[in-house]
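Listed below are the residues making up each chain.
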Amino acid sequence: MKINESGIILFVENYEAALEFYTTKLGLTVRRQTTSLTIFNFGNSYLMIEDRGVASPVEKTRAQNPIIIRIDVQDFDQTVEELLKREVPVKVRRPEWGTIGIIIDPEGNRIEIKEGSTG
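Before going into details, it helps to say that this report is about the structure given with it. Since the structure is predicted, the reported quantities are computational estimates derived from the model, not experimental observations.

1. Some points on the sheet that holds strand S8 (residues 110–115)
- Strands sit in the order S5-S8-S7-S6 across an open sheet of 4 strands; the sheet is mixed. Strand pairing shows two members of the sheet lacking a second neighbour, strand S5 (69–73) and strand S6 (91–93), which therefore form its edges. Going from strand to strand, the sheet's axes swing by 25° on average, the running direction of each strand aside.
- For strand S7 (residues 100–104) and S8, the ladder comprises 5 bridges, and the chain directions are antiparallel. Each bridged residue has a counterpart across the sheet, and for Ile 100 the counterpart in S8 is Lys 114.
- Across the face of the sheet, helix H2 (residues 76–85) comes into contact with S5, S6, S7 and S8 while running at roughly 145° to S8.

Structural data, given as structure tokens:
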């Protein structure tokens, strides 16, 4: 198999709020958009949000959403500062295997920023 690109599709209940979060708060750039889905540039892949999902007012359990969106960043501390300036709560954890910042999107989906690279 020759893979051209990989991507993540995230179904959301409140499409407009999710769109606002991923553009304004996380700073992702829009690649393509319709009235019910948006594709963001996402490193060397893409993140698509699409309506018809189910939101949660708190972080979803693994049973509700077994996926974590992981974003490896070059400058972890600077990224955390930028997110905090945009009023995005970030919980920093430093387990033995690395440093992560935990973010919960408006739908209850977990996003982790990670220092360095998993590769």
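From this point on, the discussion continues.
2. Things to note about the packing of aromatic side chains
- Inspection of every chain in the model, using the stated rule, returns 2 aromatic pairs.
- Judged by centre distance (5.1 Å) and plane angle (85°), the rings of Phe 21 and Tyr 22 are edge-to-face.
- Given the relative accessible area of 1%, Tyr 22 is considered buried.
- Note on Tyr 22 and Phe 40: the rings are 6.1 Å apart at their centroids and 35° apart in plane angle, and the pair reads as tilted. With Tyr 22 in helix H1 (residues 15–25) and Phe 40 in strand S3 (residues 37–42), this residue pair connects regions lying 18 residues apart in the sequence.
- Taking the relative accessible area as the measure of exposure, Phe 40 reaches 0% and is therefore buried.

Rules used in this analysis
Residues numbered from 1 in each chain as written. Predicted model: local features only at pLDDT ≥ 70, side-chain atom pairs only at ≥ 80, totals over all residues. Heavy atoms only, no water. Pairing = 2+ DSSP bridges. Helix = DSSP H or I, 4+ residues; strand = E, 2+ residues; numbered from the N terminus. Axes fitted to C-alpha atoms, helices over the stretch in contact; angles between N-to-C directions. Contact = heavy atoms within 4.5 Å. Phe/Tyr/Trp six-rings, centres within 6.5 Å; stacked < 30°, edge-to-face > 60°. Buried < 20%, exposed > 50% of the residue type's maximum accessible area, 1.4 Å probe, protein only.

Distances and angles like these do not, on their own, reveal function.
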